[in-house]
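These are the residues of each chain, in order.
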Amino acid sequence: MNALVSLRNLRVSFDGQAALRGIDLDVAPGEAVGLVGESGCGKSVTWLAALGLLPAKARVTGSATLQGQELLGAAPAVLDRVRGGRIAMIFQDPASSLNPVIRIGRQVEEALRLHRGMQGAAARAEAKRLFDQVGIPDAARRLDAWPHELSGGQNQRVMIAIALAGRPELLVADEPTTALDVTIQAQILTLLQDLRRETGMALVLISHDLGVVADSCDRVCVMYAGRIVEQAPVARLFEAPTHPYTNGLLGALPPLDGPRRRLAAIPGSVPEPWAMPKGCAFAPRCAERSPACDIAVPGAVPLAPGHQAACIRATAMGLLKETVAA
Ligand SMILES: Nc1ncnc2c1ncn2[C@@H]1O[C@H](COP(=O)(O)OP(=O)(O)OP(=O)(O)O)[C@@H](O)[C@H]1O
Ligand SMILES: [Mg+2]
């Protein structure tokens, strides 16, 4: 795969506590990748680290390349061109991302000036086109609205318009629908799909909801406690989930048919960075735990094309396959 973005052994620690513990991830041009996991597992930090957006106290190591160009430690001028230009990010809290005292049209025009050198009437016309593209009704008039005059869903569309202003090759959307009600959520996800088709950009969709990414992505990465514990093409993940944590997330999805039942939440919580188990971080919550799980962190085991899982049960399956093949 000729990756657009490659993360290799990406590690982040805050005050000596590891928050990311070695992320390896490729995003191909035009591909949609979902990143799922419970709160605190490192979904946002992964992309903030790659884009150089973490506070100075964060210690970041490893590599994050954009078509071969290293981003970690790159000069500010390089990062300024990449951020919002080649890679755009929609941040987790849309309310705090729009400036409340600047009309929304101006905020889009500012992004156009920064990333495409557009000004005046040309920027205004392009801002209107972007508002049309993201489905803001009555776009010409809405350019002069203030953020507080729009609904949450419309503000999210403005955020997407700003993200599109630099014609990004990759859009990282961090929980773009969490704050929205269900109908609006679905509309925003459909919009992201349509935009991806129209523009050919790649998409990384971050969510704690496996259902959301399954509908919108080609491939899913499941994160737990600062690592990717399983990744697979969407259909494969649903057919053959291997990591018990993935199974736990699947168990928490409402069934499409059949009677309504209580959702099976995974008991327990994600370990804090300072209380990370020596072996598998999920072991304390895992129904399939065995003594070997506590000895060492399991590595990612390839199970099928594009499918790998970091669980000793996967290691056993891999060995079994090799034995059968031999
Ligand atoms: N600026 C920071 N200073 C210290 N610790 C941080 C900082 N940002 C993140 N962390 C820690 O890094 C870990 C990963 O956080 P991150 O925000 O990436 O989680 P997340 O998966 O995006 O969660 P959520 O679903 O709640 O957004 C957490 O333990 C968090 O407390
Ligand atoms: Mg987050």
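Here the structure is a predicted model, which means the values were calculated and not measured.

Undergrad: Can you lay out the overall build of the protein for me, pointing to particular residues and giving the numbers?
TA: From N to C terminus, the protein includes 12 helices and 12 strands. For a compact globule of 326 residues, the expected C-alpha radius of gyration is about 20 Å, and the protein comes in at 21 Å, within 12% of that figure. When the backbone C-alpha atoms are referred to their principal axes, the protein occupies close to 65 × 50 × 40 Å. Out of the 326 residues in the protein, the part that is buried amounts to 50%. Intrachain contacts of the protein at a sequence separation of at least 6 include 61% that bridge at least 24 residues. Carbon and sulfur atoms provide 55% of the accessible area of the protein, an area that totals close to 15500 Å². Side chains of the protein give 33 positive and 31 negative charges; the mean places of these two sets differ by 2 Å.

Undergrad: Explain the coordination of the magnesium ion (ligand 2) residue by residue, including any values.
TA: Those donors, Ser-44 (OG) and Gln-92 (OE1), are the protein atoms that reach the magnesium ion (ligand 2), and they lie 2.0 to 2.4 Å from it. Placement of Ser-44 in helix 1 (residues 43–50) and of Gln-92 in the loop between strand 6 (87–90) and helix 3 (94–97) is noted, with a sequence separation of 48 residues between them. Here Gln-92 falls in the partly exposed class, since its relative accessible area comes to 44%.

Undergrad: Residues and numbers for the nonpolar core, please.
TA: Residues Phe-131, Ile-160, Leu-205 and Leu-210 are the most contacted members of the largest nonpolar core, which totals 63 residues. The contacts of Ile-160, once residues within four sequence positions are left out, are Ile-90, Val-134, Ile-188, Leu-191, Leu-192 and Leu-195. Counting 40 residues, the second largest nonpolar core, distinct from the first, contains Ala-19, Leu-25, Leu-66 and Ile-206.

Undergrad: Before we move on, could you go through the site of ligand 1 and cite the residues and values that matter?
TA: Taken together, 15 residues are adjacent to ligand 1, and Ser-39, Gly-40, Lys-43, Ser-44 and Gln-92 come closest. Within the backbone of Val-45, one N or O atom sits 2.8 Å away from an oxygen atom of ligand 1. Starting from 640 Å² of accessible surface for ligand 1 in isolation, the protein chains cover 68%. Ranked by the residues each element gives to the shell around ligand 1, the list is headed by helix 1, at 3 residues. The class makeup of the residues in the shell around ligand 1 is 6 nonpolar, 5 polar and 4 charged.

Undergrad: Hey, could you go over the packing of helix 7 (residues 152–165) against helix 8 (residues 182–199) for me, with residue numbers and the actual values?
TA: Two elements in contact, helix 7 and helix 8, have axes separated by 10 Å at closest approach and are oriented at 15°. Taken together, the axis directions place helix 7 and helix 8 in an arrangement best described as roughly parallel. Crossing of helix 7 against helix 8: the hand is right-handed. Residue-level inspection shows Gly-153, Gln-156, Arg-157, Ile-160 and Leu-164 of helix 7 in contact with helix 8, the latter providing Ile-184, Gln-187, Ile-188, Leu-191, Leu-192 and Leu-195.

Undergrad: An account of the pattern of salt bridges is requested, with residue identities and associated values reported.
TA: Tallying each qualifying case throughout the model produces 17 salt bridges. Here Arg-219 makes a salt bridge to Glu-31, at a shortest N to O gap of 2.6 Å. Residue Arg-219 is located in strand 9 (residues 219–224), and its partner Glu-31 is located in the loop between strand 2 (17–27) and strand 3 (32–36); the two are separated by 188 residues in the primary sequence. The class of Arg-219 is buried, set by a relative accessible area of 12%. For Arg-289, the salt bridge is made with Asp-294, and the minimal N-O distance between the two is 3.1 Å. What emerges from the salt-bridge pattern is a single network uniting Glu-109, Arg-124 and Asp-144.

Undergrad: Describe the confidence of the model for the protein, and please don't skip the residues or the numbers.
TA: Residue-level pLDDT values for the protein average 90, and 92% of them are 70 or greater. Ranking the elements of the protein by mean pLDDT puts helix 3 last with 67 and strand 4 (residues 58–66) first with 98.

Undergrad: For the side chain of Arg-219, give the residues involved together with the corresponding values.
TA: At 2.5 Å, the side chain of Arg-219 and the backbone oxygen of Asp-26 are in polar contact. Apart from the residues within four sequence positions on either side, Arg-219 is in contact with Leu-25, Asp-26, Val-27, Glu-31, Ala-32, Val-33, Gly-34, Gln-231, Ala-232, Pro-233 and Val-234.

Undergrad: Go over the sheet that holds strand 1 (residues 5–14) with me, naming the residues and quoting the values.
TA: Sheet strands associate in pairs through backbone hydrogen bonding, adopting either a parallel or an antiparallel arrangement. Spatially, the 4 strands line up as an open sheet ordered 2-1-4-5, and their pairing is antiparallel. On the outer flanks of this sheet lie strand 2 and strand 5 (69–70), each paired with one strand and no other. Bridging between strand 1 and strand 2 involves 8 bridges; their strand directions are antiparallel. Residue pairing across strands places Leu-7 opposite Leu-25, the latter belonging to strand 2.

Undergrad: Before we move on, could you go through the sheet that holds strand 7 (residues 170–174) and cite the residues and values that matter?
TA: An order of 6-7-8-3-9-10-12-11 is seen for the 8 strands of this open sheet, with the pairing classed as mixed. The sheet is open, and its two edges are formed by strand 6 and strand 11 (301–304), each paired on a single side. Between one strand axis and the next, the sheet turns by 20° as a mean value, whatever way the strands run. Lying over the sheet, helix 11 (residues 244–251) contacts strand 3, strand 9 and strand 10 (227–233), oriented at roughly 105° with respect to strand 9.

Undergrad: Give a detailed account of helix 1, specifying residues and quantitative values.
TA: Burial of helix 1 is extensive: 8 of the 8 residues sit out of reach of the surface. Restricting attention to buried positions, one finds in helix 1 the residues Lys-43, Ser-44, Val-45, Thr-46, Trp-47, Leu-48, Ala-49 and Ala-50. Gly-52 lies just past helix 1 and shows a positive phi near 65°.

Undergrad: Residue-level account of the packing of aromatic side chains, with values.
TA: When we look at a pair of aromatic rings, we describe it by the centre distance and by the angle of the planes. Taken as a whole and assessed by the stated rule, the structure comprises 3 aromatic pairs. Residues Tyr-224 and Tyr-245 carry aromatic rings whose centres are separated by 4.5 Å and whose planes lie at 55° to one another, so their mutual orientation is tilted. With a gap of 21 residues between them, Tyr-224 in strand 9 and Tyr-245 in helix 11 connect regions that are remote in the sequence. In this structure an aromatic cluster arises from ring pairing among Tyr-224, Tyr-245 and Phe-282.

Cut-offs and rules
- Residues numbered from 1 in each chain as written.
- Chains lettered and ligands numbered in written order.
- Predicted model: local features only at pLDDT ≥ 70, side-chain atom pairs only at ≥ 80, totals over all residues.
- Heavy atoms only, no water.
- Helix = DSSP H or I, 4+ residues; strand = E, 2+ residues; numbered from the N terminus.
- Rg over C-alpha atoms; globule rule 2.2 N^0.38 Å.
- Buried < 20%, exposed > 50% of the residue type's maximum accessible area, 1.4 Å probe, protein only.
- Contact = heavy atoms within 4.5 Å.
- Areas by Shrake-Rupley, 256 points an atom, 1.4 Å probe, with all protein chains shown as cover.
- Lys, Arg positive; Asp, Glu negative; His and termini not counted.
- Charge placed at Lys NZ, Arg CZ, Asp CG, Glu CD.
- Donors = N, O, S within 2.8 Å, 3.2 Å for Na, K, Ca; no water.
- Core = buried A, V, L, I, M, F, W, Y, C linked by side-chain atoms within 4.5 Å.
- Near = heavy atom within 4 Å.
- Polar contact = N/O pair within 3.5 Å; in protein donor to acceptor, adjacent residues only side chain to side chain.
- Nonpolar A, V, L, I, M, F, W, Y, C, P; charged D, E, K, R; others polar.
- Axes fitted to C-alpha atoms, helices over the stretch in contact; angles between N-to-C directions.
- Parallel < 35°, antiparallel > 145°, perpendicular 65-115°, else oblique.
- Left-handed = near helix turned anticlockwise from the far one by under 90°.
- Salt bridge = Lys/Arg side-chain N within 4 Å of Asp/Glu carboxyl O.
- pLDDT = per-residue confidence, 0-100.
- Pairing = 2+ DSSP bridges.
- Phe/Tyr/Trp six-rings, centres within 6.5 Å; stacked < 30°, edge-to-face > 60°.

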